[in-house]
Amino acid sequence: MRGKRIVLAITGGIAAYKSATIASQLTQRGADVRVLMTEAATQFITPLTLQTLTRNPVAVDTFAEDNPNVVNHIDIADHADLFIIAPITANTIGQMANGLAQDMLTTTWLATQAPTLIAPAMNVHMYDHPLVQENMKKLQQLGVHVVDPNEGQLACGYVGRGRMAEPEQIINWVNRFFQQEASLKGKHVLITAGPTIEPLDPVRYFSNYSSGKMGYAMAQAAYELGAKVTLISGPVSLDPPLGVQTVQVKSAQEMYEAVMQNLVHADIVVKTAAVADYRPETIAKQKIKKESDSLTIQMVKNQDIAWEIGKQKREDQILIGFAAETDHLADHAKEKLARKGLDYIVANDVTVAGAGFSTDTNIVTLYGRDGEEWTLPKLTKIEVARRLLTYIAENNKMRKR
């Protein structure tokens, strides 16, 4: 952490007293800490306290331009390697989610290019309110990191989720962040995502429930970790992650061809796409009319893309598969791991709440060809992606060409 430039922003909640410990610990570890405070935050802890702990001026007023050589909020925004807001209130979450610049904090945040970490703190009913959760979701989709609040006795007297994470938790997160920073720099990651569609006639097709969210999260996480990313996507209702080269396909055959065209350049291949196993043997040129009480459609097998990659991948390439299962998770995952020549397989039980298709969260277990087994709790898909890719990058699987 030594030499890292960190902006610590504080909003108006009783948990602001914890921010003094965060500022102190970051500074003691060698970080250059600049503090921003809302006016409300100064009702709970004084700027003088934070200035003393960080040995830097504390910014509260957007219009307090003490140095004529710079515009203060732009200078602070450009300063940051990491932008932390702890605690963050429901009010500030709502402002950020809707692009409002109403004070020094939100004005500076809109101007920064740094990764952002927020630590919410509020009443349990406020935290659970659908609008607050929707705003949180919007921020996470923009790549904002979240340290979830803890459960326990709240200042208002309620017991529940809403207590800001402890300073130690936040410091540990920051440590991990800088340790993993750019762990995939110089690597090319090839990712498949979403469903494929297999046409039956001009108006009908076979497909599946895949939303593409896990694959898009893997692409975003790989880009954050410094990789060049190529995302091959079936039809989904998602915006491609910024900075990622995206190739749009529809059928399993189109996805196979796109993967093979890009395979030679890839260091890591991540197969999250739910590729159709079968397709209609014949595609009708005209709409099939309803003429009888039953309809028989002959299906033929599609190429198994992961298996094909497993056959021809180089020793310096890593192949990661995904398995959506409904029963016997470990048995099915390990069988696919061996049969398809994978280095890792990430399996989830789609019948479990919070782990199925179209959700924003996932519950996965990673199995490795060397016997590794690692289960993650329910996390947002972007956090699952970050942890999986960091684990793989750090566990001696990054083979040199």
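Residues numbered from 1 in each chain as written. Predicted model: local features only at pLDDT ≥ 70, side-chain atom pairs only at ≥ 80, totals over all residues. Heavy atoms only, no water.

**Student:** Whenever I open this one, the domain arrangement of the protein confuses me. Can you help?
**Tutor:** Many descriptions give the size of an interface as the accessible area lost when the pieces come together. Domain annotation of the protein identifies domain 1 (5–181) and domain 2 (188–282 + 294–400). Summarising the inter-unit geometry, the C-alpha centres of domain 1 and domain 2 are found 35 Å apart. Across the boundary between the two partners, domain 1 contributes seven residues, which contact eight residues of domain 2. Taken together, the two surfaces of domain 1 and domain 2 that pack against each other cover about 710 Å², and 40% of this comes from carbon and sulfur. (Domains from an automatic or database assignment. Contact = heavy atoms within 4.5 Å. Buried area = accessible area lost by both parts, 1.4 Å probe.)

**Student:** Got a minute to help me understand a nonpolar patch on the surface in this structure?
**Tutor:** A cluster of nonpolar residues, Ile 14, Tyr 17 and Phe 44, forms a patch on the protein surface that exposes about 340 Å² of accessible area. By the element assignment, Phe 44 lies in the loop between strand 2 (32–37) and helix 2 (47–54). (Patch = residues over 30% accessible without salt bridge, like charges linked within 9 Å, V, L, I, M, F, W, Y side chains within 5 Å. Areas by Shrake-Rupley, 256 points an atom, 1.4 Å probe, with all protein chains shown as cover. Salt bridge = Lys/Arg side-chain N within 4 Å of Asp/Glu carboxyl O. Helix = DSSP H or I, 4+ residues; strand = E, 2+ residues; numbered from the N terminus.)

**Student:** Looking at this structure, I do not really get the environment of Lys 381. What am I missing?
**Tutor:** In this fold, Lys 381 is placed in helix 13 (residues 381–394). Through-space distance from the C-alpha of Lys 381 to that of Thr 361 is 5.0 Å; in sequence the pair is 20 residues apart. Here the side chain of Lys 381 touches Thr 359 through a polar contact of 2.9 Å, landing on its backbone oxygen. (Polar contact = N/O pair within 3.5 Å; in protein donor to acceptor, adjacent residues only side chain to side chain.)

**Student:** What exactly am I supposed to notice about the packing of aromatic side chains here?
**Tutor:** Centre-to-centre distance and the angle between the planes together describe a pair of aromatic rings. Inspection of every chain in the model, using the stated rule, returns three aromatic pairs. Geometrically, the ring pair formed by Phe 177 and Phe 178 is edge-to-face, given 5.2 Å between the ring centres and 75° between the ring planes. Side by side, Phe 177 and Phe 178 carry an identical accessibility label, which is buried. These aromatic residues form a ring-pair network of at least three members: Trp 173, Phe 177 and Phe 178. (Phe/Tyr/Trp six-rings, centres within 6.5 Å; stacked < 30°, edge-to-face > 60°. Buried < 20%, exposed > 50% of the residue type's maximum accessible area, 1.4 Å probe, protein only.)

**Student:** Would you explain the UniProt feature "active site" (unreviewed entry) in the protein in this entry?
**Tutor:** Under the UniProt annotation, "active site" (unreviewed entry) lies at Cys 156. On the secondary structure map, Cys 156 appears in the loop between strand 7 (150–153) and strand 8 (159–163). (UniProt positions renumbered as here; feature names shortened; annotations may be inferred.)

**Student:** Would you explain the pairing of strand 12 (residues 228–233) in this entry?
**Tutor:** Burial analysis of strand 12 places five of its six residues in the buried class, the great majority of the element. Pairing of strand 9 (residues 188–193) with strand 12, which is carried by six bridges, proceeds in the parallel orientation. Note on strand 12: the bridge partner recorded for Ala 193 is Ser 233. In the sheet, strand 12 pairs with strand 13 (residues 245–248) via four bridges, with the strands oriented parallel. Its bridge partner being in strand 13, Thr 230 is matched across the sheet by Gln 245. (Pairing = 2+ DSSP bridges.)

**Student:** Is there a simple way to explain the sheet that holds strand 18 (residues 344–349) in this structure?
**Tutor:** With mixed pairing, eight strands are arranged side by side in an open sheet as 13-12-9-14-17-18-20-21. Looking at the sheet topology across the chains shown, the edges are occupied by strand 13 and strand 21 (373–375). The mean angle between the axes of side-by-side strands here comes to 15°, regardless of whether they run parallel or antiparallel. Looking at chain direction, strand 18 and strand 20 (residues 365–368) are connected through four bridges and run antiparallel. (Axes fitted to C-alpha atoms, helices over the stretch in contact; angles between N-to-C directions.)

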